[in-house]
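As a plain string of letters, each chain reads:
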Amino acid sequence: MARKQRQPVYVLGVGMTKFIKPRGKVDYTELGFEAGVKAMLDAQVSYDDVEQGVACYCYGDSTCGQRVFYQFGMTGIPIYNVNNNCSTGSTGLAMGRDLISYGGADCVLVVGFEKMMPGSLQSFFNDRENPIGTSGKMMAATRGVAKAPGAAQMFGNAGREYMEKYGAKAEDFAEIARINHAHSVNNPYSQFQDVYTLEQVMESTKIHEPLTKLQCCPTSDGGAAAVLVSQAFLDARPHLLDQAVLVAGQCMATDAPSLFSRSAIDLMGREMNQTAARTAMAEAGITPADVAVCELHDCFSANEMIVIDALGLSEPGKAHEMVRRGDITYGGKVVINPSGGLISKGHPLGATGIAQCAELVWHLRGWANNRAAPHTKWTLQHNLGLGGAVVVTVYRRADGKEAPVVDSATVGRVNKLGYNPAVEAKGFTAEQARAVRSKDKSSDWALQDTLEKVQARF
């Protein structure tokens, strides 16, 4: 069936919290509120402009989204709660885009948040079938089961297969992690901002060959948000055109029967990655060679390796050669994970995809002036969840031009915040929070003491 004609959708505002270690000190209500307020301030809108809301999280009871959104106002709008494993945030973005592009709204607020437990990912419903249980059984049948976290085994096995088939070496996976850690020092929201040598990465605690600890993303608490708008909404605010970023192509895909081909790489969603990338880039009218900056789901260095290949950023079977040439960082073919990626920035599941979006929006605006890539016209986002789902998105500026490099003083004047959120993580005043909350339908009872708690962290 032919795809229906879409109306253009733009990312007008983004905001996020710092990603932090999951120590139970900050609740999801604060994380979602902080991110949402920042996104609305960035978009220069209020909650009264928002016609539908999408809340993204994996760990929490039903309707946590309403608990977060009611802090902005109780305007009666539809609020959807989305849980799609690690791709939850980008699933929310795709859902918001669909709502607008097919005429359901002119302004949608997407908020992702996660309050996690320390350590590797856990399942809390052990009295029923695990949704990725069939994948676990396939892993056991083909590669066996080791004493390591399940996700690390699955992705590590995919890395092993890439080594066996194409000649990648353990050093290549470690180099991916080394680069992502090096990138993180320029991201003020990153959970870790430590630089390591290749030897330090390789000599850190072994998790599951070829993966070491410094090649695995941490669990995190954090929030991120985006304001999506229609062409009509943007046209009514021409002064915001320069900051608007077009969702030029996007595809959410799920698994094909090849998932169970007995290949460890296929088991990590190779075909859905390829399908989503091909579809999104075709919609945008670009090829992988056009991409200047990419935020890629590097939950493990092995996944970055196999996804570089699946997205077409490298020739088939030659992702490791791209890594060796330095083509995944500054001065190379494409800058991958300038934010530090999940490995260094952190991975609060519901917020990750939206944080990727924020990073790429800042690049296209020219606000990421401490980590900009030259001649950035097209950026690519990849967010994967086992179980499974993947969302691949292509972004460009609304005016279609290459991103400029804007100094932070200018950014602070344009956004009326007095600082550049791409390079400095700050809070907001009570007056700024009031400005974006609903004028007539906000409730202090719904807000409780969230504002004071957020302000106390800055």
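Residues numbered from 1 in each chain as written. Predicted model: local features only at pLDDT ≥ 70, side-chain atom pairs only at ≥ 80, totals over all residues. Heavy atoms only, no water.

In the annotation of an unreviewed UniProt entry, the entry for the chain reads propanoyl-CoA C-acyltransferase, and the organism field reads Lasiosphaeria ovina. Of the chain, the UniProt comment under Subcellular location (unreviewed entry) reads exactly: "Peroxisome". (UniProt positions renumbered as here; feature names shortened; annotations may be inferred.)

1. Some points on the overall build of the chain
The secondary structure content of the chain amounts to 17 helices and 12 strands. Here the C-alpha atoms of the chain give a radius of gyration of 21 Å, agreeing with the 23 Å that 2.2 N^0.38 yields for 458 residues. Each principal axis of the C-alpha atoms in the chain carries an extent, and together these give about 60 × 50 × 50 Å. Per-residue burial for the chain yields a buried fraction of 59% across its 458 residues. Within the chain, contacts between residues at least 6 apart in sequence are counted, and of these 79% link residues at least 24 apart. Only carbon and sulfur atoms are counted for the fraction: they give 51% of the accessible area of the chain, which is about 17,700 Å². In the chain, which carries 45 positive and 47 negative side-chain charges, the distance between the mean positions of the two groups comes to 1 Å. (Helix = DSSP H or I, 4+ residues; strand = E, 2+ residues; numbered from the N terminus. Rg over C-alpha atoms; globule rule 2.2 N^0.38 Å. Buried < 20%, exposed > 50% of the residue type's maximum accessible area, 1.4 Å probe, protein only. Contact = heavy atoms within 4.5 Å. Areas by Shrake-Rupley, 256 points an atom, 1.4 Å probe, with all protein chains shown as cover. Lys, Arg positive; Asp, Glu negative; His and termini not counted. Charge placed at Lys NZ, Arg CZ, Asp CG, Glu CD.)

2. Structural notes on the layout of surface pockets
Estimated volume of the second largest pocket: approximately 180 Å³. In terms of lining residues, the second largest pocket is bounded by Gln44, His239, Leu240, Asp242, Gln243, Arg365, Trp367, Val406, Thr410, Val414 and Lys416. Split into classes, the residues belonging to the lining of the second largest pocket amount to 4 nonpolar, 4 polar and 3 charged. (1 Å grid on protein atoms, 1.4 Å probe; cavity = no way out; pocket = protein on both sides within 12 Å on 5 of 7 lines; lining within 4 Å. Points joined across faces, edges and corners; volume = space filled by probe spheres on them. Nonpolar A, V, L, I, M, F, W, Y, C, P; charged D, E, K, R; others polar.)

3. Here we look at the UniProt feature "domain: Thiolase C-terminal" (unreviewed entry) in the chain
The positions that UniProt labels "domain: Thiolase C-terminal" (unreviewed entry) are, in the present scheme, residues 266–387. As annotated, residues 266–387 comprises 43% helix and 12% strand, and the C-alpha atoms at either end are separated by 13 Å.

4. What to know about unusual backbone geometry
For the peptide bond that leads from Glu209 to Pro210, omega is 5 degrees, which places it in the cis range. Within the element layout of this structure, Pro210 appears in the loop between β5 (206–208) and β6 (211–212). Of note, the amide linkage connecting Gly387 to Gly388 takes the cis form, showing an omega dihedral of 5 degrees. Mapped onto the elements of the fold, Gly388 is located in the loop between β11 (378–385) and β12 (389–397). Located in the positive-phi region is Arg262, a residue other than glycine, with phi close to 85 degrees.

5. Focus on the pairing of strand β4 (residues 107–114)
Where burial is concerned, most of β4 is hidden: 8 out of the 8 residues are buried. Across the two faces of β4 the burial is the same, with Cys107, Leu109, Val111 and Phe113 and Val108, Val110, Gly112 and Glu114 all buried. Across 5 bridges, the pairing between strand β2 (residues 52–56) and β4 is parallel. Its bridge partner lying in β4, Val54 is registered against Val110. Where β4 meets strand β7 (residues 222–230), 8 bridges bridge the pair, whose relative direction is antiparallel. Across the sheet, residue Val110 finds its bridge partner in β7, namely Ala226. (Pairing = 2+ DSSP bridges.)

6. Brief notes about the pairing of β11
With 8 of its 8 residues buried, β11 lies for the most part within the structure. Burial of the side chains of β11 extends over both faces: Trp378, Leu380, His382 and Leu384 are buried on one face and Thr379, Gln381, Asn383 and Gly385 on the other. Bridging between strand β9 (residues 291–295) and β11 involves 4 bridges; their strand directions are parallel. Counterpart to Cys294 in the pairing with β11 is Leu380. Sheet topology note: the β11/β12 ladder contains 7 bridges and is antiparallel. Looking at β12, one finds that Gly385 is bridged to Ala389. Linking β11 back to β12 in an antiparallel pair, the connection comprises 3 residues, with Gly387 at a positive phi of about 130 degrees.

7. Some words on the environment of Val406
With respect to the element layout, Val406 can be found in the loop between β12 and α14 (408–414). Separated by 40 residues in the primary sequence, Val406 and Gly366 place their C-alpha atoms 5.3 Å from one another. If sequence neighbours within four positions are ignored, Val406 has contacts with Arg365, Gly366, Trp367, Asn369 and Val411.

8. With respect to helix α13 (residues 349–365)
Between its terminal C-alpha atoms α13 stretches 26 Å, which fits the 24 Å expected from 17 residues at 1.5 Å a residue. Burial within α13 is extensive, with 17 of its 17 residues counted as buried. One or two positions beyond α13, positive phi appears at Gly366, with a value near 85 degrees. (Expected span 1.5 Å × (residues − 1).)

9. Here's the deal with the packing of aromatic side chains
Under the counting rule described, the total for this entry stands at 10 aromatic pairs. Note on Phe69 and Phe72: the rings are 5.7 Å apart at their centroids and 80 degrees apart in plane angle, and the pair reads as edge-to-face. Three or more aromatic residues joined by ring pairs make a cluster, and in this case those are Phe33, Tyr47, Phe69, Phe72 and Phe428. Here the basic side chain of Arg237 rests over the ring of Phe233, its NZ or CZ set 3.5 Å away from the ring centre. The ring of Trp367 carries Arg365 above its face, with NZ or CZ at 4.4 Å from the centroid. (Phe/Tyr/Trp six-rings, centres within 6.5 Å; stacked < 30°, edge-to-face > 60°. Lys NZ or Arg CZ within 6 Å of the ring centre and 35° of its normal.)

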